[in-house]
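Structural characterization, general
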Amino acid sequence: MRPAFLLATVLSLSTAVATRVHAADAAPTAPARTAVHAAHLLDVDSGRVLDDPWVLVEGDKIVSVTSGGGAPAGAAVVELGNATLLPGLIDVHVHLTGDPTTSTGNYYQDALTAGPMDAAVMAPTFAKRTLDAGFTTVRNVGAPEYIDVALRNAINRGLVEGPRMLVATVPIGSTGSHVDETTGFAPNIEFHGVTGVANGVDAVRERVRENVKRGADVIKFMASAGVLSNETSVGAPQYSQAEMDAIVDEAHRWGRKVAAHAHGTEAIKMAIRAGVDSVEHCSFIDAEGLKMAKQRGTYLDFDIYNDDYILSEYAKLGVPQAQIEKEKLVGRVQRENFRKAVQAGEKMAFATDAGVYPHGWNGKQFAKEVEWGMTPLQAIRSATINAADLLGWSDKVGSLKPGYYADMVAVDGDPLADVGVLEHVAFVMKGGRVVRALQP
Ligand code: ARG
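A brief structural summary. Numbering of residues starts from 1 in every chain and runs along the sequence as written. Per-residue local features are limited, in this predicted model, to residues with pLDDT of at least 70; the limit for side-chain atom pairs, both in listing and counting, is 80 or more; totals at the level of whole chains, interfaces and linings are taken over all residues. Values shown for side chains rest on all heavy atoms present in the structure; no hydrogens or waters enter the calculation.

1. Some points on the pairing of strand 13 (residues 278–281)
- In the sheet, strand 12 (residues 257–262) pairs with strand 13 via four bridges, with the strands oriented parallel. By the bridge assignment for strand 13, Ala262 is matched with His281.
- Looking down the strands as they point away from you, a crossover is right-handed if its path from the first strand over the helix to the second goes clockwise. Under the scheme used here, helices are H or I runs from DSSP no shorter than 4 residues and strands are E runs no shorter than 2 residues, and both carry numbers assigned from the N terminus. With helix 7 (residues 265–274) bridging strand 12 and its parallel neighbour strand 13, the resulting β-α-β unit is right-handed.
- Crossover strand 13 to strand 14 (residues 299–301) through helix 8 (residues 287–296) is right-handed. DSSP calls a pair of strands paired once it identifies at least 2 bridges connecting them.

2. Quick notes on the site of the ligand
- With respect to spatial proximity, 14 residues lie near the ligand, and among them Val227, Leu228, His263, Glu327 and Asp353 are the closest.
- Residue Gln334 places a side-chain N or O atom 2.9 Å away from a nitrogen atom belonging to the ligand.
- Per-residue and other accessible areas were derived by the Shrake-Rupley procedure at a 1.4 Å probe size, with only the shown protein chains allowed to occlude residues. Within the complex, 96% of the 350 Å² of free accessible area of the ligand lies under protein.
- Of all the elements in the fold, those that place two or more residues in the shell around the ligand are helix 9 (306–313) and helix 10 (321–343).
- Counting residues per element, the shell around the ligand draws most heavily on helix 10, which supplies three residues.
- Basically, the charged four are Asp, Glu, Lys and Arg, the nonpolar ten are Ala, Val, Leu, Ile, Met, Phe, Trp, Tyr, Cys and Pro, and anything else, Gly included, counts as polar. In terms of residue class, the shell around the ligand is made up of four nonpolar, seven polar and three charged. In this text, near means that some heavy atom of the residue lies within 4 Å of the molecule or strand in question. Residues adjacent in sequence count toward polar contacts only when both atoms are side-chain atoms; beyond that, a polar contact is any pair of N or O atoms within 3.5 Å, and within protein one must be able to donate a hydrogen and the other to accept it.

3. Points about helix 3 (residues 116–132)
- The end-to-end C-alpha separation of helix 3 is 24 Å, in line with the 24 Å expected for 17 residues at 1.5 Å each.
- The reported bend at a residue is simply the angle between two axes, fitted to the 7 residues ending at it and to the 7 residues beginning with it. When the local axis directions of helix 3 are compared, the greatest deviation, roughly 35°, occurs at Met122, which is followed within four positions by the proline Pro124.
- Only heavy atoms matter for contacts: two residues are in contact if any of them lie within 4.5 Å across the pair. If you follow the buried residues of helix 3, they end up packed against strand 9 (135–140), helix 4 (147–156), strand 16 (427–430) and strand 17 (433–436).
- A positive phi of about 100° marks Gly134, the residue just after helix 3. In this scheme, a helix's expected span is set at 1.5 Å multiplied by one less than its residue total.

4. Let's talk about the packing of aromatic side chains
- Stacked, tilted and edge-to-face pairs are distinguished by plane angle, under 30 degrees for stacked and over 60 for edge-to-face with tilted covering the rest, among Phe, Tyr and Trp rings (Trp via its six-membered ring) whose centres lie within 6.5 Å. Applying the stated criterion to the full structure yields 11 aromatic pairs.
- Ring geometry for Tyr108 versus Phe185: centroids 5.8 Å apart, planes at 65°, classification edge-to-face. Taken as a pair, Tyr108 in helix 2 (residues 107–113) and Phe185 in the loop between strand 10 (164–167) and helix 5 (201–214) lie far apart in primary sequence, 77 residues in all.
- Look at Tyr309 and Trp361: their rings are 5.6 Å apart centre to centre, the planes differ by 85°, and that puts the pair in the edge-to-face class. Taken as a pair, Tyr309 in helix 9 and Trp361 in the loop between helix 10 and helix 11 (364–371) lie far apart in primary sequence, 52 residues in all.
- The buried label applies to any residue whose accessible area, calculated with a 1.4 Å probe on protein chains only, is under 20% of its type's maximum; exposed applies above 50%, and partly exposed to all values in between. Overall, Tyr309 belongs to the buried group, its relative accessible area being 10%.
- Members of the aromatic cluster, joined through ring pairs, are Tyr107, Tyr108, Phe185 and Phe191.
- Two thresholds decide whether a charge sits over a ring: the Lys NZ or Arg CZ must be within 6 Å of the ring centre and within 35 degrees of the ring normal. Its guanidinium or amino end placed over the ring of Tyr405, Arg164 lies 3.5 Å from that ring's centre, counting from NZ or CZ.
- Above the plane of the ring of Trp361 lies Lys364, whose end atom (NZ or CZ) is 4.9 Å from the centre.

5. Details of the packing of helix 6 (residues 241–253) against helix 7
- One can describe the packing of helix 6 onto helix 7 by two numbers: an axis separation of 8 Å at closest approach and a directional angle of 40°. What the angle tells us is that helix 6 and helix 7 run oblique. Here the hand of the crossing between helix 6 and helix 7 comes out right-handed. Contact with helix 6, carried on its side by Gln241, Met244, Asp245 and Val248, involves Ala267, Met270, Ala271, Arg273 and Ala274 of helix 7 and no other residues of that element.
- Split by residue class, the contact of helix 6 with helix 7 holds six nonpolar, one polar and two charged. The angle between two axes is taken between their N-to-C directions and runs from 0 to 180 degrees, where each axis is a line fitted to C-alpha atoms and a helix contributes only its stretch in contact. When an angle is under 35 degrees it counts as roughly parallel; over 145 it counts as roughly antiparallel; between 65 and 115 it counts as roughly perpendicular; any other value is oblique. By the definition used in this description, the sense in which the near helix is turned from the far one sets the handedness, with an anticlockwise turn below a right angle giving left-handed and a clockwise turn giving right-handed.

6. Quick notes on the sheet that holds strand 15 (residues 408–411)
- Read across the open sheet, the six strands follow the order 3-2-7-15-16-17; overall the sheet is mixed. Both outer strands of the open sheet, strand 3 (49–51) and strand 17, are each paired with one neighbouring strand and no more. Strand after strand, the sheet turns through a mean of 25° between neighbouring axes, direction not considered.
- Strand direction decides the pairing type here: strand 7 (residues 84–87) and strand 15, joined by four bridges, are antiparallel. What sits directly across from Leu85, in strand 15, is Ala410.
- Contacts between helix 3 and the sheet are confined to strand 16 and strand 17, with strand 17 contributing the most and set at about 100° to the helix.

So, in structure tokens, the structure goes:
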């Protein structure tokens, strides 16, 4: 970057910050009213399309949703022309602290030269890309060094622009598990810092308490082996039933929901039996697992876009071939099982594992969900009302209704005819503030 350009950037950034602080100081006596108008609005609850909708926003909440009748008095109008409005999108499985665009192309160089401080520097950029893509709420299910807590808090205070976040802090896993960073490294290699590695019922309970103490909204643990880590299995259970039971019991006592990473058939069932709120990945789920999830109302979160990205890009990032071979074992069968889960009428939420692929590409999973058995409306619900339900935020986000946060996106074209339009949202509002304006 040339110095003059750098200076100009710094100046414009400081002006932007100053303006925002000034606006907050001004504290207007009456909350600002904005009326958002478009050609259509998809009511995700009923599945119906409302024509000529007006969404009246006061402060950060929706006041009313009406059809026809012209602009409400005393409101600034945001005119979206021919677009279709939908609730802000929700991704229940992201990692905003990393993504492949920062890779040097050498796995070991990345592992040994990039630390949590690098992740913390990049996280706001990834948060902004996610928000610009229309994802106004995310659940971050794993980050180093409580970076997710700091990011969530900065976003909530308006210091950083990004989606609403629920955060898991460090994922919990056994020695040698999907969270144990030194698996596959020489025995004399150690990484310093906060670790989620914990073994035995007392230690896992302590780890849950520590995560809650540090700001976790949700608890994440590794029920099975994973793809992008160096253990040899991709689905073997990595905790005993007693350990999984203890994690869930402790987390629920503290009022935190639990997300379990599980690819393997048995690990999925153990996690469901332990009482987790969602199973992530679900690759090798069998008929019994589907039945158990259905009975207990456990959410099944399949990240079915990932396989395309990993198989086409990860060799170029220098990722060990053994990991890519593990991906080949799960990719196709995960999609086939996604279809079975849809047919079985399981509870399913939109979970992409963004961070495995570039942030901001979250919307690419909609078309995959439709390709593998969902209707466009089901896919949209997975990222709105269903996701909100899993997060415990059904009264706040995921619908365009009075009292809800004014989080919305607009798309060109009919999302019920072509869900792919959600890959390129044209407009984003979060909490009543336009974060991405319609381009003329
Ligand atoms: N984080 C997951 C893991 O490493 C990613 C799995 C991606 N593959 C897939 N087919 N969903 O296990």
